[in-house]
Amino acid sequence: MPPTRYTSRAVDPSPLGSPLTLPFSSVVLQNRFMKVAMTERLATWDPDDINASGIPTQQLIDLYGHWGDGGWGTIVTGNIIIDPTHLEAAGNMILASSPLSSLNTQTDPRFIAYQKLAAAGKRGGSVFLAQLNHPGRQTEFALQENPVSASDVQLTKGIGALYAFGKPHAASLDEISHIKAAFVHAAAYLEKAGFDGIQLHAAHGYLLAQFLSPTANLRTDSYGGSLTNRARLIAEIADGVRGATGPDFVLAIKINSVEFQDAGFSTEEAAQLVALLEEHRFDIVELSGGTYESPAWHHKRESTRRREAFFIEFAELVAPHVERARTFITGGIRTVGAMVDALESGLDGVGLGRPSATEPRLPIEILRNGQKGCIKPLVGDTNVLGGEDSWGVGASLAGAHMLQISLNQQPIDPSDQTSIDGFLKGFEKWVAAFPKRSKREVLDHVRIETVKPRPYGVVESSTA
Ligand SMILES: Cc1cc2nc3c(=O)[nH]c(=O)nc-3n(C[C@H](O)[C@H](O)[C@H](O)COP(=O)(O)O)c2cc1C
């Protein structure tokens, strides 16, 4: 039986297939689809040997090869960490800070692995971007007890309460300068390895978002106070990256269009920020929303539920302030109707997270095979809230799918009851193991053990 899909209004998908030229790098995206960042946690990990950690594995390379064949205009990796002492999670890809001048590109295993990763992600013509991240205060206590942030404001609410993050210290000017250098080094390193560009992660409450946020950034020096000051770190990184990379290197950023937080980073500020980003020659601005303190990857308003994209009402306020940079919107988009609507609202493209793990070839399905909607999962459905439709279940399903693809297996059909029962069994086991996890273990992803794996590319559902 073919999978069940979200139903869309009748619509011509061809605007989604039109190429897009980026304003500063002049790179051309083959279409408007972006596979957005999703942390894979599939890199090497040894807490006692950070030099052996964070190297892309063959599984990661295979995962990106399948996305590379999927017809995406742009592929963004999951967050790659620029400071080995501040991880988003064990199993993250990490960049070494040793100078490029001493790098042996013929023998260095990390460099060679990144080269293979870029080649796999680009093999179908997608523009391949590395998402660079420093989590700041959002790093697990077990891995870093003394995190750095804009100020010493601890994250204790929302998802923050669940993870028990340490109390951060305010970054010294020396630390800021090291952080900047690490971002710039990472971009130059990855350009050498064959990446088309980078995306700075300045959304969802990570370090660059902590600097932007009036609640996390209480500084009184030139990195705090006005929006220009709070965005200074981003601007200086951007200028550094432009100076260290070639003219056709793509510079992108992911920001929040709204934080749903009292006194948090606001939509008005996001509108001012995009104008500033253009001055620093960002090619692409991806608009998202929410933080660990106030998660928002679901519908907060009835009015957005009707339009699918969680942040569309905010993105529409931000997009008119952008003159040259290309804007993408991410979060909740599931039908071709909503995708085309986003373009008609003035955005240049659509970002897809969870659906890209369910269907790595989604752009081909839509542009060539006439599909009008993403596969509708029986759990983790973005249009419903709570219980089996909570963010945690949906995100875990995406993780389980990524794991399957990385093992060259076809991701289970989440609209099929037998398959979803298998996933839920694995999910229960994964949740039970969570508190017992040691520092050595990667949190990894839910394993679906009760459904016989099919080789990648075999698409019938288990009840067929
Ligand atoms: C498993 C998983 C991991 C994620 N990791 C990242 C990440 O590394 N960086 C990031 O910017 N967003 C991350 N996100 C958020 C997604 O990029 C996206 O903003 C969110 O899933 C909403 O889009 P969607 O409704 O199309 O899934 C992650 C989401 C999922 C499901």
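The structure reproduced in this document is the subject of the present report. By convention here, each chain's residues receive numbers from 1 onward along its written sequence. This being a predicted model, a pLDDT of at least 70 is required before a residue's local features are given, and a value of 80 or more before pairs of side-chain atoms are given or counted; all residues contribute to the totals for chains, interfaces and linings. Only hydrogens and water are removed before side-chain values are computed, so all heavy atoms of the structure are retained for them.

Overview of the site of the ligand
To be near a molecule or strand, a residue needs just one of its heavy atoms within 4 Å of it. Around the ligand sit 21 residues, and of these Ala37, Gln131, Lys254, Gly332 and Arg354 come closest. Between the ligand and Thr39, the relevant distance is 2.8 Å, taken from a nitrogen atom to a main-chain nitrogen or oxygen of the residue. Per-residue accessibility takes into account occlusion by the displayed protein chains alone, with areas from the Shrake-Rupley method and a 1.4 Å probe. When the ligand sits alone it has 610 Å² of accessible area, and the protein chains cover 94% of it. For the shell around the ligand, the secondary-structure elements that each account for two or more residues are helix H12 (354-358) and helix H14 (391-406). By the criterion applied in these results, polar contacts are pairs of N or O atoms within 3.5 Å in which, for protein atoms, one can donate a hydrogen and the other can accept it, and in which residues neighboring in sequence qualify only through two side-chain atoms. Numbering of helices and strands starts at the N terminus; helices are DSSP runs of H or I of at least 4 residues and strands are runs of E of at least 2.

Some remarks on the pattern of salt bridges
Salt bridges, as used here, are contacts in which a Lys or Arg side-chain nitrogen is within 4 Å of a carboxyl oxygen on Asp or Glu. Across all of its chains, the model carries 12 salt bridges by this definition. Here Glu88 and Arg41 are joined by a salt bridge, their closest N and O atoms 2.6 Å apart. Of the two residues, Glu88 is situated in the loop between strand E5 (80-81) and strand E6 (93-94) and Arg41 in the loop between strand E3 (33-35) and helix H1 (58-68); the sequence distance between them amounts to 47 residues. The buried category is assigned to Glu88, whose relative accessible area is 10%. Throughout this description, buried means an accessible area under 20% of the type-specific maximum (1.4 Å probe, protein chains only), exposed means over 50%, and partly exposed covers the range between. Residue class for Arg41 comes out buried when judged on its relative accessible area of 15%. With a closest N to O distance of 3.8 Å, Asp348 and Arg326 form a salt bridge. On the criterion of sequence distance, the pair formed by Asp348 in the loop between helix H11 (336-344) and strand E14 (349-352) and Arg326 in strand E13 (residues 326-330) is long-range, its members being 22 residues apart. A residue is classified by how much of its surface remains accessible, and Asp348, at 14% relative accessible area, is buried. The partly exposed category is assigned to Arg326, whose relative accessible area is 24%.

Brief notes about the side chain of Ser396
In this structure, Ser396 sits in helix H14. By relative accessible area, which is 9% here, Ser396 ends up buried. Two residues qualify as a contact provided that any one of their heavy atoms is within 4.5 Å of a heavy atom in the partner residue. In this structure, Ser396 is in contact with Phe423, Phe427, Trp430 and Val446, ignoring residues within four places of it in sequence.

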